[in-house]
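# Structure at a glance
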Amino acid sequence: MQQQPDLILANALVVDGSGAGRYTADVAIAGERIAAVGRFPDATAPRLDVSGLAVAPGFIDSHTHDDGYLLAHPDMTPKVSQGITTVVTGNCGISLAPLVRAQVPQPLDLLGPPELFRYPRFADWIADLRATPAAVNVIPLVGHTTLRVAAMDDTQRAATPAEIAAMQAMMEEALQAGAFGMSTGTFYPPAAHAPTEEIMAVGAPIRARGGLYATHLRDETDQIVPAMQEALDIGRALDCLVVFSHHKLAGQANHGRSVETLAMIDRAAPLQPVCLDCHPYPATSTMLRLDRVRIARRTMITWSKGHPPAKGRDFADLMAELGLDEQQLLEKLAPAGAIYFLMDEQDVRRIMAHPAAMVGSDGLPFDPHPHPRQWGTFTNVLRTLVREQSVLTLEAAVHKMTGLAARNYGLAERGLLRPGYYADLVLFDPERVGDRATFEAPVQASQGIHGVWVNGRRVWADGAAGTARPGQVLAPARRGKAGA
């Protein structure tokens with residue numbers, strides 16, 4: 001060991017993030033780095049005996065909407081409490097910047113209150129994150145929907161050449177400021193009228209600067225295959241990695257089709273870089289829409305500006321109680337958000353087990369009654385898919401949460417437990433780790449997470465967030481050539 005460590009995690013069960021088998025060793029931390037991994041019985045540094053506990057690289061949440069939450073709640077308790085040390089922001093086409101608006105349309109309001117939208121340039125938001133860092137690291141994406149709202153007076157049509165040029169300029173600025181790439185959400189109204197050619201044109205700077213393309217597809221129901229093909233076409237046009245966001249098959253008519261969609265990804269993988277993120281729940285969450293209510297077996301309201309008491313209530317119960325039909329209730333509740341139970345659990349397990357699948361929570365942190373994924377995604381995977389159902393080994397699950405994500409996002413010296421790598425670490429009990437968050441009571445910290453370190457500083461200990469704010473805005477080591 002070349003450097004005197006500040007702390008030694010002694011007798012740890014090391015799960016190193018590569019997918020390789022676990023082993024027992026000491027892990028020495030010096031400053032913001034892992035100094036060494038091995039046996040150091042004679043070292044004089046403070047020792048924490050962690051016998052029986054696993055040490056892994058800090059988890060990377062590949063799909064979040066934490067853009068504004070990082071600034072409003074820098075402790076990031078929902079994330080560090082489940083072992084997350086890095087979040088990918090700006091997904092589904094919606095990023096906080098570049099946009100200044102007193103009022104924002106749906107789905108941008110999913111990111112939080114309108115006063116958060118105060119950054120005319122992507123670089124301004126990045127500067128704020130660096131000036132007032134959070135407890136976790138940030139991998140920022142820029143949202144195509146945000147660019148559309150900033151550049152267009154009417155988003156219910158295709159962009160004009162002048163508007164495309166304006167969006168291109170904003171895309172260039174964002175990439176220069178540190179964006180890892182672009183996301184789209186053509187499922188949502190502000191971007192639904194954007195043709196494929198517009199997305200390719202707006203994303204053109206990615207070809208020169210590098211970057212990735214993450215997409216909430218136009219359709220995750222009957223037309224999912226052409227929607228996936230569009231995403232692959234865009235990835236080839238931009239010469240970049242395609243990330244299929246929260247990959248799912250929605251509605252009973254499409255249950256079981258993950259066999260088809262995953263085979264499509266497998267066919268594409270030898271020809272272009274491609275991967276996906278997903279979470280382990282059979283329900284999703286977004287703005288309240290009747291097309292989703294009608295294909296869901298159950299819909300729970302997460303918030304409602306039109307009728308706040310609806311929070312946490314089922315849509316069907318509210319219809320009966322208030323004597324309203326679907327359209328009337330929508331009009332009463334709007335704007336509103338909802339959780340939709342519309343996926344098949346076998347599809348969820350099959351997608352999670354795919355070698356290209358990373359783990360992403362997709363939580364909406366400002367929801368008054370959030371989906372439990374905001375607080376429990378990663379520990380749910382460790383409890384249900386690893387310990388209870390044996391869908392994944394512990395090593396495979398940790399790899400999806402760490403090394404695989406770090407490789408896809410082009411992170412240098414992160415995602416693996418290696419000497420010289422940044423000390424983003426999570427200490428947990430593999431026999432006890434699990435989520436407590438439920439659909440009925442979603443705001444609950446996980447159990448079995450004993451410690452979390454970000455850049456060598458502890459941010460979670462003894463069931464509570466610390467005061468350290470060591471998070472960094474990360475930079476990609478290489479652009480757009482990763483894959484599973």
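Rules and cut-offs
Each chain has its residues counted from 1, following the order in which its sequence is written. With pLDDT at 70 or above as the cut-off, local features in this predicted model cover only qualifying residues; side-chain atom pairs require 80 or more to be listed or tallied, and sums for whole chains, interfaces and linings still use all residues. Only hydrogens and water are removed before side-chain values are computed, so all heavy atoms of the structure are retained for them. Strands here mean DSSP runs of E at least two residues long; helices mean DSSP runs of H or I at least four residues long; both are numbered from the N terminus. What qualifies as a polar contact is a pair of N or O atoms within 3.5 Å, subject to a donor-acceptor requirement within protein and to the restriction that residues adjacent in sequence count only when both atoms come from side chains. We call two residues in contact when some of their heavy atoms are within 4.5 Å. Summary of the burial criterion: residues with accessible area below 20% of their type's maximum are buried, those above 50% are exposed, and those between are partly exposed, where the area comes from a 1.4 Å probe applied to protein chains only. UniProt positions are given in the numbering used here, feature names are shortened, and annotations may be inferred rather than shown by experiment.

For the rest of this paragraph, the subject is the side chain of Ser304. Counting through the fold element by element, Ser304 comes out in strand S17 (residues 298–304). Within polar-contact distance, the side chain of Ser304 engages the backbone nitrogen of Gly306 at 3.4 Å. Of note is the side chain of Ser304, whose polar atom sits 2.7 Å from the backbone oxygen of Leu333. Contact partners of Ser304, with chain neighbours within four places excluded, come to Ala310, Leu333, Pro335 and Ala336.

Taking burial as the measure, the 8 residues of helix H4 (residues 144–151) include 6 buried ones, the bulk of the element. For H4, the full list of buried residues reads His144, Thr145, Thr146, Leu147, Arg148 and Val149. On its buried face, H4 is in contact with strand S8 (99–100), strand S11 (142–143), helix H5 (161–177), strand S12 (181–185), helix H6 (189–192) and helix H7 (196–202).

A word on the UniProt feature "domain: Amidohydrolase" (unreviewed entry) in the chain. Mapped onto this structure's residue numbering, the UniProt feature "domain: Amidohydrolase" (unreviewed entry) falls at residues 49–211 and 311–459. Secondary structure across residues 311–459 divides into 37% helix and 15% strand, with the first and last C-alpha atoms of the span separated by 31 Å.

Attention shifts here to the side chain of His63. For His63, the location among the structural elements is in the loop between strand S6 (59–61) and helix H1 (69–72). His63 sits in the buried class, given a relative accessible area of 0%. Looking at His63, its side chain comes within polar contact range of the side chain of Asp277, at 3.4 Å. Apart from the residues lying within four places of it in its own chain, the contact partners of His63 are Val88, Asn91, Cys92, Ser245, His246, Asp277, Gly360, Ser361 and Asp362.

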